[in-house]
Amino acid sequence: MDARNETRETARRREGFTLIEIMAVVVIMGMLMATLAVGINAQINNARIKNTKAQILRIEQALEFYQLDNARFPTTEQSLSALVTQPTSPPEPRAYNPAGYIKAEALKDPWGQDFQYRVPGDHNPYGVDIWSLGPDGVESEDDIANWNETSDT
């Protein structure tokens, strides 16, 4: 009888996983998830940068329509909000489109910050400078602008 009990006890032990085996699987799964998360985060950041570049192009187009209607760009003081609501400060637009030129949501970058605007531009002296402060929200090397086009798009 002792031999049968030992055989049954050994069979019971073989039926399940040991704590060490379960821990090893959990650690391996954690490492895989961490690797995947890093890759996904990089893709999300790249998508935000590409989206920002596309938004800058849309803002430039809206500014061109504003200029066609009003013979000038909005001043730096009037800001990009002049594309959404008619400015009341001088110089007032002469033929403002009552529907506006762009939706207000388009004036925020993917990080929730307002796009920056300067006319005449420091980098585009015969046009406008438009830029996003990027992920860190401060003026730095990671800014995305209409004057520093790169070939990675």
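Within every chain, residues take consecutive numbers counted from 1 along the sequence as written. In keeping with the model being predicted, local features are shown solely for residues with a pLDDT of at least 70 and side-chain atom pairs are shown and tallied solely at 80 or more, while totals for entire chains, interfaces and linings include all residues. Side-chain figures throughout are based on the complete set of non-hydrogen atoms in the structure, without hydrogens or water.

Quick look at the overall build of the protein now. Labels follow the DSSP assignment, with helices taken as runs of H or I lasting at least four residues and strands as runs of E lasting at least two, numbered in each case from the N terminus. Counting its secondary structure elements, the protein contains two helices and three strands. We call a residue buried when its accessible area falls under 20% of the maximum for its residue type, exposed when it is over 50%, and partly exposed in between, using a 1.4 Å probe and counting protein chains only. Taking all 153 residues of the protein together, the buried fraction comes to 27%. Contacts are assigned to residue pairs with any non-hydrogen atoms lying within 4.5 Å of each other. By sequence separation, contacts in the protein at least 24 residues apart represent 45% of the contacts at least 6 residues apart. Here the protein displays about 10900 Å² of accessible surface, and carbon together with sulfur accounts for 57% of that area. Accessibility throughout is a Shrake-Rupley quantity obtained with a 1.4 Å probe, and a residue counts as covered only by protein chains that appear here.

Taken together, M33, L36, I40 and I44 make up a surface patch of nonpolar side chains, about 390 Å² in accessible area. Mapping L36 onto the fold places it in helix α2 (residues 19–70). A patch consists of residues exposed above 30% relative accessible area that lack any salt bridge, with like charges linked at up to 9 Å and nonpolar side chains (Val, Leu, Ile, Met, Phe, Trp, Tyr) linked at up to 5 Å. By definition, a salt bridge exists where a carboxyl oxygen of Asp or Glu is found within 4 Å of a side-chain nitrogen of Lys or Arg.

To pair, rings of Phe, Tyr and Trp, with the six-membered ring standing in for Trp, must have centres within 6.5 Å; the planes then decide the type, stacked if under 30 degrees apart, edge-to-face if over 60, and tilted in the middle. Taken as a whole and assessed by the stated rule, the structure comprises four aromatic pairs. Consider the rings of Y66 and Y96, whose centres lie 6.1 Å apart with planes at 75 degrees: the pair is edge-to-face. Here Y66 is found in helix α2, whereas its partner Y96 is found in the loop between α2 and β1 (116–118), with 30 residues between them in sequence. With a relative accessible area of 11%, Y96 lands in the buried category.

The next thing to look at is α2. Working rule for helices: expected span equals 1.5 Å times residues minus one. With 52 residues, α2 should reach 76 Å at 1.5 Å per residue; the first-to-last C-alpha distance of 74 Å fits that figure. The set of residues buried in α2 consists of T52, K53, Q55, I56, I59, A62, L63, Y66 and N70. Positive phi shows up at A71, right after α2, with a value of about 65 degrees.

Right, let's talk about the confidence of the model for the protein for a bit. Values of pLDDT, ranging from 0 to 100, describe the predictor's confidence in every residue of the model. Residues at a pLDDT of 70 or more form 87% of the protein, whose mean pLDDT is 88. Within the protein, the element-level pLDDT minimum falls on helix α1 (residues 2–15), averaging 62, and the maximum on strand β2 (residues 129–132), averaging 96.

A word on the pairing of β2. The two faces of β2 match: D129 and W131 on one face and I130 and S132 on the other face are all buried. Strands are treated as partners if at least two bridges between them are detected by DSSP. Bridge count for β1 against β2 is three bridges, and the pairing is antiparallel. Residue Q116 lies in a different strand from β2, and its bridge partner there is W131. Two elements, β2 and strand β3 (residues 144–145), share two bridges in a ladder whose sense is antiparallel. Within β3, the residue paired with W131 across the bridge is A145.

What follows covers the environment of D129. Relative to the helices and strands, D129 is located in strand β2. Sequence separation between D129 and V119 is 10 residues, and the spatial gap between their C-alpha atoms is 6.6 Å. Excluding anything up to four places from it in sequence, D129 contacts Q116, Y117, R118, G121, D122, H123, N124, N146 and W147. Polar contacts here mean pairs of N or O atoms no more than 3.5 Å apart (in protein, one a potential hydrogen donor and the other a potential acceptor; neighbouring residues in sequence count only if both atoms are side-chain atoms). At 2.7 Å, the side chain of D129 and the backbone nitrogen of D122 are in polar contact.

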